[in-house]
Amino acid sequence: MSIIEFITSNIPTFLALLATGVFAGILAGLLGVGGGIVIVPVLFFLFQSFGVSPESAMVVATATSLATIVPTSISSIRSHNQKGNVDFDLLKRWSGFILIGVLAGSWLVTRVDGTWLTALFGVIATLSALNMLFRTGKSALFQQLPGTAGQTTMGTSIGFFSSMVGIGGGTISVPLLTLYNYPAHKAVGTAAAIGLIISLPGALTMLAMGSTPNDAPAGTFGLVNLIGFICIVPLTVLFAPVGASLAAKLDAAKLKKIFAIVLLITGLRMLAQLFL
């Protein structure tokens, strides 16, 4: 099959993936949320609409999401570093433990049933939504970061759980850091760098070690859907500034609450799919 024949026979897939990139980019710029928390559920339901099983859809969505985070996190790191908001001292302490968590989590993705990943994402999405709804702007629970053992556990856990559900560092690390009275702007900037530590080795592990499911969508290698990667990344980068411009004109706080409600419904729907 020629490239042209391949493209024409998969036009609905291409259009849906392009729309995913636009949607993720606008939301990232508008609300400051990481792309993975948007891309994973969209791909999860999208792939199923093309006849992919829920189990296969989840593992491919997870791996593809991690791959898309690599270039976007590099761009984000540059932007935050120019403002002095990347804490390289924290990264030096945490990077090794994050990497250990990522390698363990991404290897596990290549071995476990996608049902478990769906359940885990549903739980994390639900907790993230509840945090956005009820804890944003609240005071910290602790005055400073814990000692070495506590920070080791935090770094390893962030890498492990983020890689298993295809999200960057922000969804888990930002609320976790701010619980310990860590400056919010530095938490967001440092999370961009954490996202690269998570996404690059995680995506490579799933690309190299993952066995492509029999019902995987076209263009899947290992567990990464390269068509999805090619379609989503440019549009995410292109439309993030559009979202940022909209944020200056709209009530971002209200929009974030609306997104949190949508995310809560999405997380609960993914959990419900496991039991209904």
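Residues numbered from 1 in each chain as written. Predicted model: local features only at pLDDT ≥ 70, side-chain atom pairs only at ≥ 80, totals over all residues. Heavy atoms only, no water.

## Re the packing of aromatic side chains
When we look at a pair of aromatic rings, we describe it by the centre distance and by the angle of the planes.
Logical step 1: Within the structure shown, the criterion is met by 3 aromatic pairs.
Logical step 2: With centroids separated by 5.0 Å and ring planes inclined at 65°, the aromatic side chains of Phe44 and Phe45 adopt a geometry described as edge-to-face.
Logical step 3: Where Phe142 meets Tyr180, the ring centres are 4.7 Å apart and the plane angle is 20°; that geometry is what we call stacked. Here Phe142 is found in the loop between helix H6 (114–134) and helix H7 (148–165), whereas its partner Tyr180 is found in the loop between helix H8 (170–179) and helix H9 (184–209), with 38 residues between them in sequence.
Logical step 4: A cation over a ring is seen here: Arg269 above Phe45, with NZ or CZ 4.2 Å from the ring centre. (Phe/Tyr/Trp six-rings, centres within 6.5 Å; stacked < 30°, edge-to-face > 60°. Helix = DSSP H or I, 4+ residues; strand = E, 2+ residues; numbered from the N terminus. Lys NZ or Arg CZ within 6 Å of the ring centre and 35° of its normal.)

## Here we look at unusual backbone geometry
Logical step 1: The backbone phi angle of Asn181 is positive, close to 65°, even though this residue is not glycine.
Logical step 2: With respect to the secondary-structure elements, Asn181 resides in the loop between H8 and H9.
Logical step 3: Asn181 sits in the partly exposed class, given a relative accessible area of 42%. (Buried < 20%, exposed > 50% of the residue type's maximum accessible area, 1.4 Å probe, protein only.)

## Topic: the environment of Pro241
Logical step 1: Relative to the helices and strands, Pro241 resides in helix H10 (residues 226–249).
Logical step 2: The class for Pro241 is partly exposed, based on a relative accessible area of 45%.
Logical step 3: Once the C-alpha coordinates of Pro241 and Gly29 are considered, the two residues, 212 residues apart in sequence, prove to be 5.9 Å apart.

## Observations concerning the nonpolar core
Inside soluble globular proteins, nonpolar side chains tend to come together where they are buried.
Logical step 1: Membership of the largest hydrophobic core comes to 69 residues, with the highest contact counts inside it found for Leu17, Leu43 and Phe121.
Logical step 2: In terms of residue count, helix H4 (residues 54–82) provides more of this core than any other element does, 10 residues in total.
Logical step 3: Leave out the neighbours within four places in its chain, and Leu43 touches Leu17, Thr20, Ala61, Thr64 and Ile232. (Core = buried A, V, L, I, M, F, W, Y, C linked by side-chain atoms within 4.5 Å. Contact = heavy atoms within 4.5 Å.)

## Description of the layout of surface pockets
Logical step 1: For the second largest pocket, the calculated volume is near 160 Å³.
Logical step 2: Lining of the second largest pocket is provided by Phe23, Leu27, Ile37, Val38, Pro41, Val42, Phe45, Ile258, Phe259, Val262, Leu263 and Thr266.
Logical step 3: Mapped by element, the contributors of at least two residues to the lining of the second largest pocket are helix H2 (11–31), helix H3 (36–49) and helix H11 (252–275). (1 Å grid on protein atoms, 1.4 Å probe; cavity = no way out; pocket = protein on both sides within 12 Å on 5 of 7 lines; lining within 4 Å. Points joined across faces, edges and corners; volume = space filled by probe spheres on them.)

## Some points on the UniProt feature "transmembrane region" (unreviewed entry) in the protein chain
Logical step 1: Here the UniProt-annotated "transmembrane region" (unreviewed entry) positions come out as residues 14–47, 59–78, 90–109, 116–134, 154–180, 187–209, 221–246 and 258–275.
Logical step 2: Each end of residues 90–109 is marked by a C-alpha atom, and these two atoms are 27 Å apart; helix forms 100% of the span and strand 0%.
Logical step 3: End C-alpha to end C-alpha, residues 154–180 measures 12 Å, and it is 81% helix and 0% strand. (UniProt positions renumbered as here; feature names shortened; annotations may be inferred.)

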